[in-house]
Amino acid sequence: MTLHLYDTLTRSKQPVRTPEPGKPITLYLCGPTVYGRAHIGNARGPVVFDVLYRLLQHLHGADNVRYARNITDIDDKIMAKAVAENRTPQAVAREFEQYYQDDMAALGCLSPDFEPRATDHIEGSYGMIAMIAALVDRGVAYAAEGHVLFEVAKFESYGKLSRRPMDEMIAGARVEVAPYKREAGDFVLWKPSRDDQPGWESPWGRGRPGWHIECSAMIRGVLESETIDIHGGGIDLQFPHHENERAQSCAAHAGAELSRIWMHNGFLQMGETKMSKSLGNIVTPRELLDAGWQGEVIRLALLSAHYRQPLMWTDALLEQSKSIVERLYGKLERGQANTLDRVSHALMDDLNTPDAVAALPDSAAMLGLLQRSPDEVFRSGGDSAWIEDRISANRVARANKDWATADQIRDELLAAGITLSIAKDGTTSWRRA
Ligand code: AMP
Ligand code: ZN
């Protein structure tokens, strides 16, 4: 059985290669621009990629997998927030980077092998400035008025990833028209910075990078190859972000493809619309955690639909996930287990997490679920000495056939959220509701 993943470039399921000595499987997920807290939609990609990461580690061993998830810490939105709050852009970026890492960890995501910051990859031999200079040398990029632009007409297969015809892209309303551009579809690799803005010295003057070049440089810098195995992000990143990343990297690396497989997750939706900061319909993992939803429950909810399908986010989904998690811990405690085969089978076919979840609790490790002990889930917190005392009083009452007292103690415990189960032989166990 070979792991197959749906690849956006070829529009087909493709096998993931087997790693060779010294050639680990490499994964890159476009990470957050750190100027605000991640919403639960932003967490879908990282959670899906975390399952993929765990699966690959399970298949090939941790030494044969390298996973990078970047931090975009230089961006106009970060700068605008810093100005509004009279702070430095770096202070804003570091604050939200920490929140992001905490939130993803709370949802059970392992730390990636690399979490490169864009600002650490501007200079240096595989940095953004060097890559932009290579693109200018190759004649696919041009400098104009302190900017450097990628000339899309010079890259033959521009549009192949997102399957958009060139004229549509060039005329695209979302693409900014500017006097220094040869064509409206040309995109910014470098732009000038004013003295009061963050900037780096470059052959084109003091400035800062555009968004797309950041990922191309970080991929080359930390994963140390021109062609990686799997590149991911939300479906909205297909165009322009990934189309542009691919164009830059291919053009700078003599045509080498940037990624063997392009993976895109569908949107998490509130009703009919995408959850998005600009629409104001967001829920953050922090809010859910503060409201008492466990990270594991949120994670299961995120994995309840196949990653390429839309996921409708509702309170009912969370309630349902909560009861599944509890049922699974119950099974774990009773030592009931399914066969691992069914789980691997489901995940090997384009990460079918809904099917894998149906085979829980055995898939627990690969899905990053059921990481606590049933004891902790059902019995942690509160005054366990008092609980044990009440249970033994209940036992004594039952032994004396004092059913009224036994029932009263049971109700007392129930009011404190403790359920007693009494087996036929009188053995008593308890758990939190
Ligand atoms: P943004 O902050 O909009 O740049 O998004 C960061 C990442 O989250 C990108 O990979 C987006 O594709 C992804 N994303 C944003 N909104 C959603 C959503 N509602 N559902 C799933 N992924 C999303
Ligand atoms: Zn990217």
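Before any of the text, the structure's been laid out above.
The model shown is predicted, which means the values in this text are computed figures rather than measured ones. (Residues numbered from 1 in each chain as written. Chains lettered and ligands numbered in written order. Predicted model: local features only at pLDDT ≥ 70, side-chain atom pairs only at ≥ 80, totals over all residues. Heavy atoms only, no water.)

Looking now at the overall build of the protein. For the protein, the count of helices and strands is 16 helices and 15 strands. Once the C-alpha set of the protein is aligned to its principal axes, its extents read approximately 95 × 55 × 40 Å. Taking all 433 residues of the protein together, 50% fall into the buried category. Total accessible area on the protein stands at roughly 19,400 Å², and carbon and sulfur atoms take up 50% of it. Each charge sign in the protein was given a centre, from 49 positive and 59 negative side chains, and these centres are 3 Å apart. (Helix = DSSP H or I, 4+ residues; strand = E, 2+ residues; numbered from the N terminus. Buried < 20%, exposed > 50% of the residue type's maximum accessible area, 1.4 Å probe, protein only. Areas by Shrake-Rupley, 256 points an atom, 1.4 Å probe, with all protein chains shown as cover. Lys, Arg positive; Asp, Glu negative; His and termini not counted. Charge placed at Lys NZ, Arg CZ, Asp CG, Glu CD.)

Right, let's get into the site of ligand 1. Around ligand 1, the neighbouring residues are His39, Gly41, Asn42, Gly234, Asp236, Leu237, Asn265, Gly266, Phe267, Leu268, Lys274 and Met275. Contact between ligand 1 and Asn42: an oxygen atom at 3.1 Å from a side-chain N or O atom of the residue. Note that a nitrogen atom of ligand 1 is positioned 2.8 Å from one of the backbone N or O atoms of Met275. Coverage of ligand 1 by the protein chains reaches 80% of its 480 Å² of free accessible surface. Of the residues belonging to the shell around ligand 1, the class tally is four nonpolar, six polar and two charged. (Near = heavy atom within 4 Å. Polar contact = N/O pair within 3.5 Å; in protein donor to acceptor, adjacent residues only side chain to side chain. Nonpolar A, V, L, I, M, F, W, Y, C, P; charged D, E, K, R; others polar.)

Position of Asn394 among the secondary structure elements: in helix α15 (residues 384-399). By relative accessible area, Asn394 is classed as buried at 1%. Looking at Asn394, its side chain comes within polar contact range of the side chain of Arg398, at 2.8 Å. Asn394 has contacts with Ala406, Ile409, Arg410, Leu420 and Ile422, leaving out every residue within four places of it along the chain. (Contact = heavy atoms within 4.5 Å.)

Turning our eyes to something else, we now look at empty space enclosed by the protein. Within the structure shown, the criterion is met by one cavity of 30 Å³ or more. One number sums up the size of the largest cavity: a volume of about 50 Å³. Every residue along the wall of the largest cavity is listed here: Leu29, Gly45, Val48, Phe49, Gly232, Gly233, Met263, His264, Asn265 and Tyr307. Going through the elements one at a time, α1 (44-60), β9 (228-234) and β10 (259-265) are the ones with two or more residues in the lining of the largest cavity. Split into classes, the residues belonging to the lining of the largest cavity amount to five nonpolar, five polar and no charged. (1 Å grid on protein atoms, 1.4 Å probe; cavity = no way out; pocket = protein on both sides within 12 Å on 5 of 7 lines; lining within 4 Å. Points joined across faces, edges and corners; volume = space filled by probe spheres on them.)

Within the structure shown, the criterion is met by seven aromatic pairs. Where Phe150 meets Phe155, the ring centres are 6.4 Å apart and the plane angle is 70°; that geometry is what we call edge-to-face. Here the two residues Phe150 and Phe155 agree in accessibility, since each one is buried. Across the ring face of Tyr99, the terminal group of Arg37 is positioned such that the distance to the ring centre comes to 3.7 Å. In this arrangement the basic side chain of Arg220 is found over the ring face of Tyr126, its NZ or CZ atom lying 3.8 Å from the centre. (Phe/Tyr/Trp six-rings, centres within 6.5 Å; stacked < 30°, edge-to-face > 60°. Lys NZ or Arg CZ within 6 Å of the ring centre and 35° of its normal.)

Octahedral metals with six donors have ideal donor angles of 90 or 180 degrees. Tetrahedral metals with four donors have an ideal donor angle of 109.5 degrees. Around the zinc ion (ligand 2), the protein contributes the donor atoms Cys30 (SG), Cys215 (SG), His241 (NE2) and Glu245 (OE), which lie 2.0 to 2.2 Å from the metal centre. For the zinc ion (ligand 2), the four donor atoms in the first shell make angles of 80 to 127° at the metal, a pattern classed as irregular. (Donors = N, O, S within 2.8 Å, 3.2 Å for Na, K, Ca; no water. Tetrahedral: all angles 85-135°; square planar, octahedral: opposite > 155°, others 65-115°.)

Okay, the sheet that holds strand β3 (residues 25-29) next. Overall, parallel pairing links the four strands, which are arranged β4-β3-β9-β10 in an open sheet. Edge positions in the sheet fall to β4 (65-69) and β10, since each has one partner strand and no second. On average, each strand axis in the sheet is inclined to that of its neighbour by 15°, with strand direction left out of account. Helix α6 (residues 211-223) rests against β3, β4 and β9 of the sheet, and its axis sits at about 150° to β3. (Pairing = 2+ DSSP bridges. Axes fitted to C-alpha atoms, helices over the stretch in contact; angles between N-to-C directions.)

This part takes up the pattern of salt bridges. Side chains that differ in charge, positive against negative, can pair when their charged atoms come close. Scanning all chains against the criterion turns up 25 salt bridges. Across the pair Asp76 and Arg208 runs a salt bridge whose closest N-O atoms are separated by 2.9 Å. With Asp76 in helix α2 (residues 76-85) and Arg208 in strand β8 (residues 207-209), this residue pair connects regions lying 132 residues apart in the sequence. Given the relative accessible area of 37%, Asp76 is considered partly exposed. The exposure class of Arg208 is buried, given its relative accessible area of 5%. Between Glu97 and Arg117 there is a salt bridge whose closest N-O contact spans 2.9 Å. Placement of the pair is Glu97 in helix α3 (residues 89-106) and Arg117 in the loop between α3 and α4 (128-137), with a sequence separation of 20 residues. Using a relative accessible area of 8% as the deciding quantity, one classes Glu97 as buried. Overlapping salt bridges, with partners in common, bring together Lys81, Glu85, Arg87 and Glu95 in one network. (Salt bridge = Lys/Arg side-chain N within 4 Å of Asp/Glu carboxyl O.)

Fair warning: the whole summary comes from geometry, so function is off the table for now.
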